[in-house]
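Below are the chains, spelled out letter by letter.
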Amino acid sequence: MEGQIQQEYQNPFASQQMGQHVNHGTVHIEQSRAVTEAQGKLLLAKKFPRDEALAYSKIMTSCQRPALAAVGEYAHPRGGQKVSGPSIRLAEELARCWGNIDYGIRELSRQEGNSEMEAYAWDVETNTYSSQKFTVRHIRDKRGGGVALTDERDIYEITANMGGRRLRARLLAIL
């Protein structure tokens, strides 16, 4: 028909073309490895389910340790108020004691000036998954304005800090 605009629709589930710089064999191996690793975690969680009473006892014992108590809560001033809550170290210890939880932070990509990140927590026993993707700008905020970060150590520290905050939230959401 004349005058009609023809639209092309792409199947979002179709195979995506990878760039020429990608080693297709390596990608296939990594995909297979990831699937096998996830299946192994699920099987182990079913074979060795958590004992909730024992996990609770381990948590209570851990929380009595002075070293954990010293880092178990964060607090800092924000807008004239005091913001506080459980720290990432406490959330990690809770996850360790609870068991059958896979968690971490990934840098998905990095461009000039920012990193795309993901924090995730997966209770492999209940198959409950929580993740958050976020962008970390390579800038250190200061009262006089932001300062661009170029040193690899500074970039690592800002991404780890921002990732730890999101990871804490994902762990607490799962627990």
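These numbers were taken from a predicted model, which means no experiment stands behind them.

Engineer: Lay out the sheet that holds strand E4 (residues 114–123) in plain terms, naming residues and giving numbers.
Structural biologist: Spatially, the three strands line up as an open sheet ordered E3-E4-E5, and their pairing is antiparallel. Looking at the sheet topology across the chains shown, the edges are occupied by strand E3 (101–111) and strand E5 (128–137). Ignoring which end each strand starts from, the neighbouring axes of this sheet average 15° apart. Relative to E4, E3 is paired through 10 bridges, and the arrangement is antiparallel. Within the sheet, the bridge partner assigned to Gly104 lies in E4 and is Tyr120. Across the face of the sheet, helix H5 (residues 152–174) comes into contact with E3, E4 and E5 while running at roughly 150° to E5.

Engineer: Outline the layout of surface pockets, listing residues and values.
Structural biologist: Roughly 340 Å³ of internal volume is contained in the largest pocket. Taken together, the elements giving at least two residues each to the lining of the largest pocket come down to strand E1 (73–78), helix H4 (88–98) and H5. Residues that form the lining of the largest pocket fall into these classes: five nonpolar, three polar and five charged. If you add up the space inside the second largest pocket, you get close to 260 Å³. Val136, Arg137, Ile139, Arg140, Asp141, Ile158, Asn161, Met162 and Arg165 are the residues that line the second largest pocket. When contributions to the lining of the second largest pocket are tallied by element, the ones reaching two or more residues are E5, strand E6 (139–140) and H5.

Engineer: Break down H4 for me, with residues and values.
Structural biologist: Within H4, burial applies to Ile88, Leu90, Ala91, Glu93, Leu94, Ala95 and Cys97. The inward-facing, buried residues of H4 contact helix H2 (52–63), helix H3 (66–71), strand E2 (81–86), E3 and H5. Looking one or two places after H4, you find Gly99, whose phi comes out positive at around 80°.

Engineer: I'd like a description of the packing of aromatic side chains, backed by residues and values.
Structural biologist: For the coordinates displayed, the defined rule picks out one aromatic pair. Centroid distance Tyr120 to Tyr129: 6.3 Å. Interplanar angle 15°. Geometry classified as stacked. Accessibility expressed as a relative area gives 10% for Tyr120, which makes it buried. Over the ring of Tyr120 we find Arg106; its NZ or CZ atom is 4.1 Å from the centre of that ring. Of note, Arg166 hangs over the ring of Phe134, and the distance from its end group to the ring centre comes to 4.5 Å.

Engineer: Provide a residue-level description of the state of the cysteines, including the pertinent values.
Structural biologist: Inspection of every chain in the model, using the stated rule, returns zero disulfides. With no disulfide of its own, Cys63 lies closest to Cys97 among cysteine sulfurs, the gap being 7.6 Å.

Cut-off values and rules
- Residues numbered from 1 in each chain as written.
- Predicted model: local features only at pLDDT ≥ 70, side-chain atom pairs only at ≥ 80, totals over all residues.
- Heavy atoms only, no water.
- Pairing = 2+ DSSP bridges.
- Helix = DSSP H or I, 4+ residues; strand = E, 2+ residues; numbered from the N terminus.
- Axes fitted to C-alpha atoms, helices over the stretch in contact; angles between N-to-C directions.
- Contact = heavy atoms within 4.5 Å.
- 1 Å grid on protein atoms, 1.4 Å probe; cavity = no way out; pocket = protein on both sides within 12 Å on 5 of 7 lines; lining within 4 Å.
- Points joined across faces, edges and corners; volume = space filled by probe spheres on them.
- Nonpolar A, V, L, I, M, F, W, Y, C, P; charged D, E, K, R; others polar.
- Buried < 20%, exposed > 50% of the residue type's maximum accessible area, 1.4 Å probe, protein only.
- Phe/Tyr/Trp six-rings, centres within 6.5 Å; stacked < 30°, edge-to-face > 60°.
- Lys NZ or Arg CZ within 6 Å of the ring centre and 35° of its normal.
- Disulfide = S-S within 2.5 Å.

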